[in-house]
Amino acid sequence: MSSPDGEYYDVLVFGSCIVDFISYVPRLPKVGETLHGSRFATGNGGKGANQCVAAARLGSRTAMIGKLGDDPWGTAYRNTLAGEGVNVEQVDVLPGESTGIAQINVADNGDNQIVIVTGANKRLAPSDVLAHRDRFERSRILICQLETPLEATIAALQAFRGISIVNAAPAETNLPHAVLSLATIFCVNETEAALLTDMPSVPDVQQAKAAVHKLRDMGCKTVIVTLGEKGAVFAEPHDATVYHVKPLKVKKVVDTTGAGDAFIGALAHFLAKHPDVALGNCIAAANRVAAWSVQRPGTQSSFPQVGDVELPADLTTLRDQWECV
């Protein structure tokens, strides 16, 4: 899709901008427990902006629609996004609102705990879709998440005519049917899949396969369940076959924060740049980007630039990385 003058965006993100406050700890604390941390850092996060930066760093032309607070955090964040090459014309700084924040604990083994306060993100509304309809008409891939109001996300999905990806995180029970059914691709991790399908857990490929079938029964079209070190499982519409995409082994996991966002941003990038390549190949390529990110600390700071990740020029050569289950 392109505008009359040829201007287009590979990836449009409609979603959240959140500042991360990260404490590095030996292990995750128990309820009521105080731990000594080893290090503290701040960084830019929020699933929407993370996914946008991940795609931009891989070479996609990206645009973001989101909200920031009228505080030092918000102004700095907007400038940083622009520095990443993201079009931020529709990232509004709102008077009287605070920028969204996340408190993150990262354990030595890479596990994390996250609490978010959405702040200005809660002001993203259906009116932002109407006001920026040209962005929706001039973008190839749309990404949405669940850190902003659902009614705005539904309006964005209804307005978009290309490939849309909903990353249903943080997961909520009883999602509106529109969120499930409007997305071209519905992507969740194992924890989110279990919550949405009312399964006790989704610990492995076979349980993920069952979750995929349940999500399809709930109205989803293409479903992807990511399983971290076990890879990913997916199925497409009008095909009863479920496929497993093999994981990429890494030497040492440093920080898993943002790995899912690296995957989503990379998936959108590969779908935009390789529209004729099978979905399984794009997922396999995105797995490589996520695997690269977990070997480095931080969220957006851990995302690779063009050339950092070893990828074939022809993604069809990744066909041996996925198989039916």
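Residues numbered from 1 in each chain as written. Predicted model: local features only at pLDDT ≥ 70, side-chain atom pairs only at ≥ 80, totals over all residues. Heavy atoms only, no water.

Participant: Quick one: what's the story with unusual backbone geometry, residue by residue and with numbers?
Facilitator: The omega angle of the peptide bond from A169 to P170 is -5 degrees, so this bond is cis rather than trans. By the secondary structure assignment, P170 is in the loop between β9 (163-167) and α6 (177-182). Look at N174: it is not a glycine, yet its phi comes out positive at around 55 degrees. Relative to the helices and strands, N174 is located in the loop between β9 and α6. The backbone of H238 shows a phi angle near 60 degrees, a positive value even though the residue is not glycine. (Helix = DSSP H or I, 4+ residues; strand = E, 2+ residues; numbered from the N terminus.)

Participant: Let's hear about the environment of Q51: which residues, and what values?
Facilitator: Considering the arrangement of structural elements, one finds Q51 in helix α1 (residues 47-57). Note on Q51: relative accessible area 0%, which makes it buried. Each C-alpha atom, one on Q51 and one on S164, is 13 Å from the other, the two residues being 113 residues apart in sequence. Leave out the neighbours within four places in its chain, and Q51 touches I143, Q145, N167, D261, I264 and G265. Looking at Q51, its side chain comes within polar contact range of the side chain of N167, at 3.0 Å. (Buried < 20%, exposed > 50% of the residue type's maximum accessible area, 1.4 Å probe, protein only. Contact = heavy atoms within 4.5 Å. Polar contact = N/O pair within 3.5 Å; in protein donor to acceptor, adjacent residues only side chain to side chain.)

Participant: Just give me the short version of the layout of surface pockets, but keep the residues and values in it.
Facilitator: Its volume calculated, the largest pocket comes out at about 1400 Å³. For the lining of the largest pocket, the secondary structure elements donating two or more residues are β2 (18-25), α1, β6 (100-107), β7 (112-117), β10 (185-189), α7 (190-197), α9 (259-273) and α10 (279-293). It is α9 that provides the largest number of residues to the lining of the largest pocket, a total of 5 residues. Among the residues forming the lining of the largest pocket, the class breakdown is 23 nonpolar, 17 polar and 10 charged. Approximately 160 Å³ is the volume found for the second largest pocket. What lines the second largest pocket is a set of 14 residues, among which T42, G43, N44, T299 and S301 lie closest to the centre. (1 Å grid on protein atoms, 1.4 Å probe; cavity = no way out; pocket = protein on both sides within 12 Å on 5 of 7 lines; lining within 4 Å. Points joined across faces, edges and corners; volume = space filled by probe spheres on them. Nonpolar A, V, L, I, M, F, W, Y, C, P; charged D, E, K, R; others polar.)

Participant: Describe in detail the pattern of salt bridges, supporting the description with residues and values.
Facilitator: Overall, the coordinates contain 11 salt bridges when judged by the stated rule. Residues K67 and D92 are paired through a salt bridge, measuring 2.8 Å at the closest nitrogen-oxygen approach. Pair noted here: K67 is in strand β4 (residues 62-69) and D92 is in strand β5 (residues 87-94), with a separation of 25 residues, a long-range link. Where salt bridges share partners, they join D10, R140 and K273 into one cluster. (Salt bridge = Lys/Arg side-chain N within 4 Å of Asp/Glu carboxyl O.)

Participant: Account for the side chain of N87, with residues named and values stated.
Facilitator: By secondary structure assignment, the location of N87 is in strand β5. On the accessibility criterion, N87 (14% relative accessible area) is buried. Ignoring sequence-local partners within four residues, the contact set of N87 consists of Y9, T62, A63, M64 and R135.

Participant: I'd like to hear about the confidence of the model for the protein chain, residue by residue, with values.
Facilitator: Taken as a whole, the protein chain shows an average pLDDT of 94; of its residues, 98% reach a score of 70 or greater. Here residues 1-6 scores under 50 on pLDDT; set against residues more than four positions off or in separate chains, the count is 10 contacts. (pLDDT = per-residue confidence, 0-100.)

Participant: Lay out the sheet that holds β4 in plain terms, naming residues and giving numbers.
Facilitator: Strand order in the open sheet made by the 10 strands is β5-β4-β1-β8-β9-β10-β11-β12-β13-β14, with mixed pairing throughout. Edge strands, defined here as strands with exactly one partner in the open sheet, are β5 and β14 (322-324). Direction aside, neighbouring strands of the sheet carry axes that sit 20 degrees apart on average. Note that strand β11 (residues 222-226) and strand β12 (residues 232-235) share 4 bridges and pair antiparallel. If you follow T226 over to β12, its bridge partner there is A232. Most of the contacts of α1 go to β4, to which it runs at about 150 degrees, and overall it touches β1 (9-14), β4, β8 (139-144) and β9. On the sheet, helix α8 (residues 205-217) packs against β10, β11, β12 and β13 (243-245) and is oriented at approximately 35 degrees with respect to β12. (Pairing = 2+ DSSP bridges. Axes fitted to C-alpha atoms, helices over the stretch in contact; angles between N-to-C directions.)

Participant: Kindly report on the packing of α9 against α10, identifying the contributing residues and their values.
Facilitator: Here α9 crosses α10 at 140 degrees, and the two axes come no closer than 8 Å. One way to sum up the angle between α9 and α10 is to call them oblique. Seen from above, α9 lies across α10 with right-handed handedness. Contact residues: A259, A262, F263, A266, L267, F270 and L271 in α9; L279, C282, I283, A285, A286, N287, V289, A290 and S293 in α10. Class assignment for the residues of the contact of α9 with α10 results in 14 nonpolar, 2 polar and no charged. (Parallel < 35°, antiparallel > 145°, perpendicular 65-115°, else oblique. Left-handed = near helix turned anticlockwise from the far one by under 90°.)

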